[in-house]
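Here is what each chain is made of, one letter per residue.
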Amino acid sequence: MNVNHNWRFTFEKIGARLALIEPLIHRRSMPLPPFRMTPLEGAVVEAPVRADASGWTEIPAESYWGAPALNFLMKTAFAVPEGWSAGHLALYLPLGVYGDIFNHPEALVHIDGRAIGSADRYHHTIPLDPACADGAEHAIALHGWTGLAGWPPDPNSKAKLFMGVPALIQRDPEALAFWQLASTVHDTVSVLERDQPERDRLLDALEMAFRLLDTRDPIGEEIYGSFPAARQALLDGIARAGAPLDVVLHGIGHAHMDIAYLWQIDQIRLKNARTYSNVLRLMDEDPDYTFSHSQPALYVMCAEDYPEIFDRIGARVAEGRWEVMGGMWVEPDLNVPGAEALVRQLVLGRRYFRETFGGVETPVLWLPDTFGFPGQIPQLMRLAGLEWFATNKLNWNQMNPVPWSTHLWEGIDGSRVLAHIFTTPRPVQYLPFPTNYKSDLSAREVLGSWTRSTTDGVRDLPVCYGYGDGGGGPTETLLAKAHIFEDMPGMPRFKMSTVRRFFERIEPRRNALPVWRGEHYMEGHRGVFTSQGWIKRANRKAERALHEAEALSAMAGLAPDLEAAWRLLCLNQFHDIITGTSITEVFADARRDLDRVAGMAEAAAAEAAARLGGGELCVLNTSPVAGRRLVEGPAEGAVQTTEAGGLYLFEVLPAYSATPLTEAVVPSEGVTVYEGETGIVLENGCLLAVVGANGQILRLYDKEAGREVLAQGLHGNVLQAFEDRPICWDAWDIDPHFEDRRELIDAPATVEIVETGPLRATLRVDHVWRGSRITQEIRLEAGSRRLDFVTEVDWHQSHILLKVAFPVSVKAREARFDIQWGSVLRSTSRDTAFDAARFEVPAQKWAELAEPGYAVALLNDCKYGYDVRENVLRLSLIKSATSPDPQADQGRHVFTYALLANPGGEARRLQEAAYDLNTPPRVAEGSAGRFVSCESETIILETLKPSEDGAAVVLRLFESGGAEPRCTLRFRDGIRRAARVDIFEAELEDLDSEARDLRLELGPFEIATVKVWLER
């Protein structure tokens, strides 16, 4: 066809014609009787879908109804008129729209009491079983939730939804098929370059097809007879227009499901049914459609709540059309959970899939929406049997793109996994190169998935399609697009696929791929290390409580079932809960859950302590590292009494041991406190600290090393308040401009001496700042190199980021940060774009600046956000965002941070101090002894637990210093047998042991799991 399409505006004309014929898809339509609606008390699984609705509130068509966050049940009925085509019936349910893409009304649709699908802003047309065309009346029940209003969501919104005209419809299949094909071709033309021959040829095809449709007024029944010929003409024109690109897009049907976010966990249980019923219905309609879904926690909920749906899922898994994958119990945050918690995410997740569905799980760590990835994740993946890694979030970086979309990711120990970062583009606020994992299969996203790929030679790429974050999944229209793009000229060749098939296509190129080494830091969402400070503390304390319960149980020969506690903890480590980025109600639930975890752990720990009893009062120490400890116990017999009891000093308290209180020592040189010339002095044999009237450390002198710890002329413990107003994502972000407005909390405070030694001296400093109160107990213990700041805050500020700063006398090009199962180095300069973007970074228990012969570290007991620039160590304490939770960080905060002066930069001293701060011992009756010890300077016995089968104990240990040490584990009891096992406790190899000793060799930063059968 020799036509100048630009001059004739063919593209624009076809767009208008598509809009003209779209209503004709509904060949017949009959409005439904008005729905009647009743509110429900919460997100309940069991709704009275068969109840009499005659007394409920009527919702006429084209009227406003509902309110935000309303759980509802609404009912009406229909009867199919005589003469309607039974095979093309559907319900059309336009319930209304408000809020952003995450918030909209959604409902599980029941016909005569049976769930058949979901109605929401994307799934509004639900096909009906032809059996409904029997002339009888059929009941419709919609069990749903209205969602929230606006972004940020407004909890006080008075918005209502506008009900359209719900109808029983008969669709014309030829009109629908033609419109789907023509609109997809038209969309393709919009992304092809004007000089591409395929573009004009596709416009030729559209032009010829529409000429076969008689669209003259009045459009009558005759047009329906012309749709088949028009569609065939269009197909013929497409075939003549050219070939697809030599690129394969693996279409992965998916529904990203945030377990909690702008909804509570109770709501995701209902979203399960809505999403899965959609997926299963579409599988019935399209035999080529496959679906990939993660998060075993969701499957457990579905099995409990909707067993019929779960059984249907199991059948689709068995036939290979429903891909189970993900690798972890949920899609968690990875920076905040502790070392053992990350292992349990993997163990719980992979074991559930294996036990429930057999060995069909795709070995991928699937974390599309998680906010950064520590440097030990590749090793943990390999230990769990995971081979591949997939994410999207690294393309939300604010400054630097990851150089290769497909690459090998190497962890700090040298482990490598095949990694892919999604390439499907979609604009997101001001971000420079964002991508998505919930494609609508627009031509822009389909073509962009190829053009955004940045790894040479890779011509297989994944496209995740389907609506999320609150579930929903693919639609009938998306499946139609997927098929049409299978053979579209000028476009990548689309094929319905799975995560497994995509990675298997890449595997042969593995050795040719570039390598990314170390952590995958996300340049954004830096506030999640600090938001909702209470949950960070509750998480850390729950992790340590479970650690103590399992360690004491192993020492006592017990094997309590704590899986429910670990499941609940891991559930609340989901990437929008533990990060502090959900609505108020989510955190009310999380408080209850984490209290329950702590309660279960305490019950197990108390039982184990009682089993260990029968002797004198002992200190039951479950710290992974032996070291000097100051222990709180009974007042009677204590060298120093406190309000809570008494203090006992142990020069060396062995790891995993019971030590009689009577072995406590009186130090040859205690700690004193006195008034100095410039402030109050805390002094022991190692350190001298001068505290000023404003609570700042005016001087910290290392007496043994003969040097100042703080930088000359500068003070430590400087509380800094910054105006914190991110451009977007209030609770998520700390933006590069956060330091524009800084205020020091440095006015004179109330300072008093509350403890005078000899084991511990304490000053209490009370600040009143604006409407908040900050109370600190600054503590120094006898013989300690650690100055503690035990802090309680009554916080009533918003959009203020509170940090504490320590300018120290150590300068280094890099600082070392504690991460799970190891540590990483990061630059202290901002000289490169990559370093400049790391102005706020995650860490677990400490950050350290070291030079030859000396180091200073800033420790914490529940904080995760650090920044180190040149010689200044800073820790983020409180964030106080107002969205999505207006009450975030208001009220009481409790936390401790500490400064450690470390002559020689001794790594063992640093680990001792950090674990001491985070693993308080328990005083109870017991039989003295060391359960297990390790003399290595760099190997840490992170976890001691009963084996899963209850027949042995399991140790999980790691090399912490980047060395290659040998070590001997010495047990209290004789060893019958020992084996190296995987994290699921399956045996890998026998280990040599002799009497009570077990010898091991570990590589740098290697994690090892050992199972030991003891003679008891």
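Structure shown above.
## Structural notes on the overall build of the protein chain
Okay, step 1: Helix and strand counts for the protein chain stand at 18 helices and 58 strands.
Okay, step 2: Whereas a compact globule of 1016 residues would reach a radius of gyration of roughly 31 Å, the protein chain reaches 32 Å, a difference of no more than 12%.
Okay, step 3: Considered along the principal axes of its C-alpha atoms, the protein chain spans approximately 105 × 60 × 55 Å.
Okay, step 4: Across the 1016 residues of the protein chain, 64% fall into the buried class.
Okay, step 5: In the protein chain, the proportion of contacts linking residues at least 24 apart, taken out of those at least 6 apart, comes to 74%.
Okay, step 6: Split by element, the accessible area of the protein chain, about 36400 Å² in all, is 48% carbon and sulfur.
Okay, step 7: For the protein chain, the centre of its 103 positive side-chain charges and the centre of its 141 negative side-chain charges are spaced 2 Å apart.

## What to know about the environment of N860
Okay, step 1: Looking at the element boundaries, N860 is found in strand β44 (residues 854-860).
Okay, step 2: The spacing of N860 and A898 is 38 residues in sequence and 6.3 Å in space, taken between C-alpha atoms.
Okay, step 3: The contact partners of N860, leaving out residues within four places of it in the chain, are R540, Q844, K845, W846, Y866, L875, T896, Y897, L917 and N918.
Okay, step 4: In this structure the side chain of N860 is engaged in a polar contact, spanning 3.0 Å, whose partner is the backbone nitrogen of C862.

## Description of the environment of I25
Okay, step 1: With respect to the helices and strands, the residue I25 is situated in the loop between α2 (10-21) and β1 (26-31).
Okay, step 2: In this structure the C-alpha to C-alpha distance between I25 and I259, which are 234 residues apart in sequence, comes to 36 Å.
Okay, step 3: If near-sequence neighbours (up to four positions away) are discounted, I25 is found in contact with Q170, R171, D172, A175, L176 and W179.

## Looking at unusual backbone geometry
Okay, step 1: Here the residue pair D217 and P218 is connected by a cis peptide bond, since its omega of -10° sits within 30 degrees of zero.
Okay, step 2: Here P218 is to be found in the loop between α4 (197-211) and α5 (222-241).
Okay, step 3: Of note, the phi angle at A69 is positive, near 60°, even though the residue is not glycine.
Okay, step 4: Within the fold, A69 resides in the loop between β4 (63-65) and β5 (71-78).
Okay, step 5: Look at A69 and you get partly exposed, because its relative accessible area is 40%.
Okay, step 6: Unusually for a residue other than glycine, Q429 sits at a positive phi of about 45°.

## Considerations on helix α6 (residues 265-285)
Okay, step 1: For α6, which comprises 21 residues, the first-to-last C-alpha distance of 31 Å matches the rise-based estimate of 30 Å (1.5 Å per residue) to within 8%.
Okay, step 2: For α6, the tally of buried residues reaches 18 of 21 residues, placing the bulk of the element in the interior.

## Topic: the packing of aromatic side chains
Okay, step 1: Counted by the stated rule, this structure contains 37 aromatic pairs.
Okay, step 2: Ring geometry for F178 and F227: centres 5.8 Å apart, planes at 45°, overall tilted. Here F178, found in helix α3 (residues 173-191), pairs with F227, found in helix α5; they are 49 residues apart in sequence, far enough to count as distant. Taken individually, F178 and F227 each receive the classification buried, so the pair is uniform in this respect.
Okay, step 3: Their ring planes at 90° and their centres at 6.5 Å tell us that W534 and F587 sit as a pair that is edge-to-face. Residue W534 is found in helix α14 (residues 533-556), and its partner F587 is found in helix α16 (residues 584-612); the two are separated by 53 residues along the sequence. For the pair shown, W534 and F587 are each scored as buried.
Okay, step 4: Pairwise contacts between aromatic rings join Y299, F310, W329, Y352, F353 and F357 into one cluster.
Okay, step 5: Positioned above the aromatic ring of W534, the side-chain terminus of R591 is 4.0 Å from the ring centre.
Okay, step 6: Above the plane of the ring of F817 lies R826, whose end atom (NZ or CZ) is 4.6 Å from the centre.

## So, the pattern of salt bridges
Okay, step 1: Going through the model one piece at a time under the given rule, you end up with 81 salt bridges.
Okay, step 2: Between R426 and D440 there is a salt bridge, with the nearest N and O atoms lying 3.9 Å from each other. Separated by 14 residues along the polypeptide, R426 in the loop between β19 (416-421) and α11 (443-451) and D440 in the loop between β19 and α11 bring together distant segments of the chain.
Okay, step 3: Taking the relative accessible area as the measure of exposure, R426 reaches 22% and is therefore partly exposed.

## Re the sheet that holds strand β34 (residues 742-744)
In sheet architecture, strand pairing relies on hydrogen bonds along the backbone and comes in two forms, parallel and antiparallel.
Okay, step 1: If you walk across this open sheet you meet the six strands as β34-β33-β39-β46-β45-β42, and the pairing is antiparallel. Looking along the sheet, the strands with just one partner apiece sit at the ends: β34 and β42 (841-842).
Okay, step 2: When β42 meets strand β45 (residues 865-869), the two strands line up antiparallel, connected through two bridges. Opposite V841, over in β45, you have Y866 as the bridge partner.

## A look at the pairing of strand β33 (residues 718-723)
Okay, step 1: When you tally the buried positions in β33, you get five out of six residues, the bulk of the element.
Okay, step 2: Pairing analysis gives six bridges linking β33 to strand β39 (residues 800-807), with the strands arranged antiparallel. By the bridge assignment for β39, L719 is matched with V804.
Okay, step 3: Pairing of β33 with β34, which is carried by three bridges, proceeds in the antiparallel orientation.

## Focus: the nonpolar core
The nonpolar side chains of a soluble globular protein tend to be buried, and buried together.
Okay, step 1: Core analysis: the biggest nonpolar cluster contains 215 residues, and F178, W322, L969 and F971 have the highest contact counts within it.
Okay, step 2: Excluding residues that lie within four positions of it along the chain, F971 makes contacts with F931, V932, V953, L955, R996, L998, V1012 and L1014.
Okay, step 3: Core analysis: the next-biggest nonpolar cluster, separate from the first, contains 57 residues, I697, L787, F806 and F895 among them.

## Considerations on the pairing of strand β54 (residues 975-981)
Okay, step 1: Across the seven residues of β54, five count as buried, placing the element largely inside the fold.
Okay, step 2: With six bridges connecting them, β54 and strand β58 (residues 1007-1014) associate as antiparallel partners. Looking at the pairing, R980 lines up with V1010 of β58.
Okay, step 3: Linking two consecutive strands that pair antiparallel, namely β54 and strand β55 (residues 987-990), is a turn of five residues; a positive phi of about 75° is found at E985 within it.

## A short note on the packing of helix α9 (residues 339-357) against helix α15 (residues 563-571)
When two helices pack together, their arrangement is captured by the angle between the axes and the distance separating the axes.
Okay, step 1: Interhelical geometry of α9 versus α15 gives an angle of 105° and a closest axis separation of 10 Å. In terms of orientation, α9 and α15 fall into the roughly perpendicular class. Between α9, through E340, A341, R344, Q345, L348, R351 and Y352, and α15, the contact on the second element is made entirely by E563, W566, R567 and C570.
Okay, step 2: Of the residues that constitute the contact of α9 with α15, the class distribution is five nonpolar, one polar and five charged.

## Quick look at the sheet that holds strand β23 (residues 617-621)
Okay, step 1: The four strands are arranged β48-β23-β27-β49 in an open sheet whose pairing can be described as antiparallel. Two strands in the sheet have a free side with no partner beyond their single neighbour: β48 (922-925) and β49 (929-930).
Okay, step 2: As paired elements, β23 and β48 share four bridges and run antiparallel to each other. Bridge pairing in β48 links C618 to A924.
Okay, step 3: Contacts from α16 reach β23 and β48, with the element oriented near 40° to β48.

## Remarks on the packing of α15 against α16
Okay, step 1: Close contact between α15 and α16 brings their axes to 9 Å; oriented N to C, the two are set at 150°. Taken together, the axes of α15 and α16 lie roughly antiparallel to each other. As α15 packs across α16, the resulting crossing turns out to be left-handed. Each of A564, A565, L568 and L569 in α15 lies in contact with α16, whose residues at this interface are D593, L594, R596, V597 and M600.
Okay, step 2: Of the residues in the contact of α15 with α16, the class split is seven nonpolar, no polar and two charged.

## Considerations on the side chain of K879
Okay, step 1: Tracing the sequence through the fold places K879 in the loop between β46 (872-878) and β47 (891-903).
Okay, step 2: Residue classification places K879 among the buried positions, given a relative accessible area of 0%.
Okay, step 3: A polar contact of 2.7 Å, which involves the side chain of K879, links it to the backbone oxygen of D730.
Okay, step 4: Only 2.9 Å separates the side chain of K879 from the backbone oxygen of D733, close enough to count as a polar contact.

Rules used throughout
- Residues numbered from 1 in each chain as written.
- Predicted model: local features only at pLDDT ≥ 70, side-chain atom pairs only at ≥ 80, totals over all residues.
- Heavy atoms only, no water.
- Helix = DSSP H or I, 4+ residues; strand = E, 2+ residues; numbered from the N terminus.
- Rg over C-alpha atoms; globule rule 2.2 N^0.38 Å.
- Buried < 20%, exposed > 50% of the residue type's maximum accessible area, 1.4 Å probe, protein only.
- Contact = heavy atoms within 4.5 Å.
- Areas by Shrake-Rupley, 256 points an atom, 1.4 Å probe, with all protein chains shown as cover.
- Lys, Arg positive; Asp, Glu negative; His and termini not counted.
- Charge placed at Lys NZ, Arg CZ, Asp CG, Glu CD.
- Polar contact = N/O pair within 3.5 Å; in protein donor to acceptor, adjacent residues only side chain to side chain.
- Expected span 1.5 Å × (residues − 1).
- Phe/Tyr/Trp six-rings, centres within 6.5 Å; stacked < 30°, edge-to-face > 60°.
- Lys NZ or Arg CZ within 6 Å of the ring centre and 35° of its normal.
- Salt bridge = Lys/Arg side-chain N within 4 Å of Asp/Glu carboxyl O.
- Pairing = 2+ DSSP bridges.
- Core = buried A, V, L, I, M, F, W, Y, C linked by side-chain atoms within 4.5 Å.
- Axes fitted to C-alpha atoms, helices over the stretch in contact; angles between N-to-C directions.
- Parallel < 35°, antiparallel > 145°, perpendicular 65-115°, else oblique.
- Nonpolar A, V, L, I, M, F, W, Y, C, P; charged D, E, K, R; others polar.
- Left-handed = near helix turned anticlockwise from the far one by under 90°.

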